[in-house]
Amino acid sequence: MLQHALRQALIGLFLITPALATAEQRGKAFAHANCARCHAIDRASTSPLKIAPPLRALHQRYPIESLGEALAEGITTGHADMPVFELSPDQIHDLLSYLKTLE
């Protein structure tokens, strides 16, 4: 319980002070908040949802830069439980910056 509260506080810190965080840190915080329920968002773990590819594998399927347009228009692919996301240009930049660190 304490670890969960600490984790949420750290995520909140990134969300409260985005100007102090790097694009990669903001992208990781976004991935943690929006993707980690189904996808592995780091370099080693397995995805909680078996059919959801780890984010570190996306560059093997798509050039990371090409994902920007899909993120802006709303990703509607994947599994039935995948929510539709339409990200702002800043969120796209941050998430792509983070995904590049996983290559």
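Residues numbered from 1 in each chain as written. Predicted model: local features only at pLDDT ≥ 70, side-chain atom pairs only at ≥ 80, totals over all residues. Heavy atoms only, no water.

Asks: Whenever I open this one, the overall build of the protein chain confuses me. Can you help?
Replies: For the protein chain, the count of helices and strands is five helices and zero strands. When each of the 103 residues of the protein chain is scored for burial, the buried share is 34%. If you take every contact in the protein chain between residues at least 6 apart in sequence, the share linking residues at least 24 apart comes to 48%. Accessible surface for the protein chain amounts to roughly 6,900 Å². Of this, 59% is attributable to carbon and sulfur atoms. (Helix = DSSP H or I, 4+ residues; strand = E, 2+ residues; numbered from the N terminus. Buried < 20%, exposed > 50% of the residue type's maximum accessible area, 1.4 Å probe, protein only. Contact = heavy atoms within 4.5 Å. Areas by Shrake-Rupley, 256 points an atom, 1.4 Å probe, with all protein chains shown as cover.)

Asks: I'm lost on the side chain of S97 in this one. Help?
Replies: Its place among the elements puts S97 in helix 5 (residues 89–101). The exposure class assigned to S97 is buried, which follows from its relative accessible area of 13%. When residues no more than four places from it in sequence are discounted, the contact partners of S97 are A23 and E24.

Asks: How should I be thinking about the pattern of salt bridges in this particular structure?
Replies: Two side chains bearing opposite charge may form a pair once their charged atoms approach each other closely. By the definition in use, this model includes three salt bridges. Close ionic contact of D94 with R26 constitutes a salt bridge, the shortest N to O distance being 2.9 Å. Taken as a pair, D94 in helix 5 and R26 in helix 2 (residues 23–34) lie far apart in primary sequence, 68 residues in all. The exposure class of D94 is buried, given its relative accessible area of 9%. (Salt bridge = Lys/Arg side-chain N within 4 Å of Asp/Glu carboxyl O.)

Asks: Teacher, can you tell me more about helix 2 here?
Replies: Every α-helical turn comprises 3.6 residues, leaving residues that sit three or four positions apart pointing alike. In a regular helix each residue adds 1.5 Å, so twelve residues correspond to 16 Å; helix 2 covers 16 Å between its end C-alpha atoms and thus fits that length. Of all the residues in helix 2, the buried ones are A23, G27, A29, F30 and A31. (Expected span 1.5 Å × (residues − 1).)

Asks: Help me understand the packing of helix 2 against helix 5, please; the structure alone is not making it clear to me.
Replies: Packed helices, taken two at a time, are described by the angle between their axes plus the distance between the axes. In contact at an axis separation of 7 Å, helix 2 and helix 5 are set at 95° when each is read in the N-to-C sense. It follows from the interaxial angle that helix 2 and helix 5 lie roughly perpendicular. Residues A23, E24, R26, G27, K28, F30 and A31 of helix 2 touch helix 5, and the partners they reach there are Q91, H93, D94, L95, S97, Y98 and T101. Classifying every residue of the contact of helix 2 with helix 5 by side-chain character gives five nonpolar, five polar and four charged. (Axes fitted to C-alpha atoms, helices over the stretch in contact; angles between N-to-C directions. Parallel < 35°, antiparallel > 145°, perpendicular 65-115°, else oblique. Nonpolar A, V, L, I, M, F, W, Y, C, P; charged D, E, K, R; others polar.)

Asks: What should I look at first to understand the nonpolar core in this one?
Replies: Nonpolar side chains in soluble globular proteins tend to be buried together. Grouped together as the largest cluster of nonpolar side chains are 17 residues, with contacts concentrated most on A31, L55, L87, L95, L96 and L99. Elements represented by at least two residues in this core include exactly helix 2, helix 4 (67–73) and helix 5. Examining the composition of this core, we find that five residues originate from one element, helix 5, more than from any other. Setting aside residues up to four positions removed in sequence, A31 forms contacts with A36, I41, L55, L95 and Y98. (Core = buried A, V, L, I, M, F, W, Y, C linked by side-chain atoms within 4.5 Å.)

Asks: What is the right way to look at helix 5 in this model?
Replies: Taking 1.5 Å per residue, 13 residues should reach 18 Å; helix 5 reaches 19 Å between its end C-alpha atoms and fits that length. Listed in full, the buried residues belonging to helix 5 are I92, D94, L95, L96, S97, Y98 and L99. Among the structural elements, helix 2, helix 3 (58–61) and helix 4 are those in contact with the buried residues of helix 5.

Asks: Looking at this structure, I do not really get the environment of D90. What am I missing?
Replies: With respect to the helices, strands and loops of the structure, D90 is situated in helix 5. Along the backbone, D90 and A23 are 67 residues apart, and their C-alpha atoms lie at a distance of 8.7 Å.

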